[in-house]
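# Working through the structure, step by step
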Amino acid sequence: MMKKMSWSSWLFILLLSATHVSAATFSFVALGDLPYGSDETAGVKYRQLITQINALNPEFSIHVGDFKAGSAHCSDEEFERQRKHFDLFKSALIYTPGDNDWTDCGRKSNGSYDPLERLEKLRAQFFKPDTSLGQAPLPLVTQGKVVPTYSTFVENQRWQFSNTLFTTLHIVGSDNRFAPNHAEAEKEFLAREQANIAWIKETFWIAANQKLQTLVFAFQADVIRGMSRSGTWAEKTGFHASIEKTLLPLAKEFQGFILIVHGDSHNFEFNQTFMLESQILKNVYRLEVPGAKTTGAVSVTIEEGNSIPFSVKKIIVP
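Residues numbered from 1 in each chain as written. Predicted model: local features only at pLDDT ≥ 70, side-chain atom pairs only at ≥ 80, totals over all residues. Heavy atoms only, no water.

### Re the overall build of the chain
For the record, the criterion: Numbering of helices and strands runs from the N terminus; a helix is a DSSP stretch of H or I covering at least four residues, while a strand is a stretch of E covering at least two. Restricting the calculation to C-alpha atoms gives the radius of gyration, and the globule rule supplies 2.2 Å times the number of residues raised to the power 0.38. The buried label goes to any residue with under 20% of its type's maximum accessible area, the exposed label to any with over 50%, and the partly exposed label to all in between, with areas taken from a 1.4 Å probe on protein chains only. A 1.4 Å probe and the Shrake-Rupley method give the accessible areas. Residues count as covered only by the protein chains that appear here. Positive residues here are Lys and Arg, negative ones are Asp and Glu, while His and the chain termini are left out of the count. The location of each charge is read from NZ of Lys, CZ of Arg, CG of Asp or CD of Glu.
When its secondary structure is counted, the chain shows eight helices and 15 strands. The C-alpha atoms of the chain give a radius of gyration of 18 Å, which matches the 20 Å a tight globule of 318 residues would have. Counting only C-alpha atoms, the chain reaches 50 × 50 × 40 Å along its principal axes. For the chain, buried positions account for 59% of its 318 residues. If you sum the accessible surface of the chain, you get close to 13,300 Å²; carbon and sulfur atoms cover 53% of it. Here the chain holds 32 positive side-chain charges and 34 negative ones, and the gap between their average locations is 2 Å.

Below, the structure written as structure tokens:
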């Protein structure tokens, strides 16, 4: 565990202390990899999905990235279209970026944009320093605002609902843009990796200090695809330091339950597949949201204090 925490951690703990409540049951919605396709087809179904989500009246929704297909242009117009989609959510909407949203923008099919310029655009257009998106924003703590060392990372966010602590991490598909033979990409990756690692450690420290027993992490990448049968990742990969060496060891020590929500592979999955040292982590649940050709989301119910605190239900637009 971390021996020394930033002043932001102490401030966050003070805020949690003021809002600490007894165990509760509540629901939120997770979605991602949407919309894939033209606005006339995929966009219509996506807006129907948002209408269905609004009818459920969740406490908030989390979009885990890829708000467009990997072959779609990364234009300002596309960014504005998806920003307006987020504005349709009647409750709070929290977003964490995916690879389609910036790392793949250098592709010719995407318009041959500079990925780092698109990332700057994302940060400016989709993130606020203290609140979520959506029509009923939630107050959030943003790493980029409260930790001067990581002032760029406005997309790494944290909030508490009831006694559950939520954390978003900027971990994307395509091996987290790990490119050791590309100097500029490697510099960006290493900086983002260190920010993610610090944010993960801080979350567990806060949870331990406040004796919280339910954590939720949300990011885009399907890190399971790179995991070996023994639960390891090659050292020269984009998930080794942040997932295998940081998140999972801390999860193993954690005296409570953890839900990891991600997208990337487009298949609905709810299971316990995360491993460490060849052993399944029985306190860690994994939710992969549907997406791409399937216009859908997942309603997640958390029953704090229950022996199995997480239950899920798909929301699908035919």
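### Here's the deal with the sheet that holds strand S2 (residues 60-63)
Rules: By definition, two strands form a pair when at least two bridges between them are found by DSSP.
Across the sheet, which stays open at both edges, the six strands sit in the order S4-S3-S2-S1-S14-S15 with mixed pairing between neighbours. Strand pairing shows two members of the sheet lacking a second neighbour, strand S4 (133-134) and strand S15 (310-316), which therefore form its edges. The sheet contact formed by strand S1 (residues 25-31) and S2 spans three bridges and is parallel. Bridge assignment links Val29 to a residue of S2, and that residue is Ser61.

### A look at the state of the cysteines
Convention followed: Two cysteine sulfur atoms make up a disulfide if the distance between them is within 2.5 Å.
For the structure shown, the criterion picks out one disulfide. Here Cys74 connects covalently by a disulfide to Cys105, the sulfurs 2.0 Å from one another. One disulfide, between Cys74 and Cys105, carries an S-S torsion of -85° and so falls in the left-handed class. Taken as a pair, Cys74 in the loop between S2 and helix H3 (76-86) and Cys105 in the loop between strand S3 (92-95) and helix H4 (115-126) lie far apart in primary sequence, 31 residues in all. An identical accessibility class is assigned to Cys74 and Cys105; each is buried.

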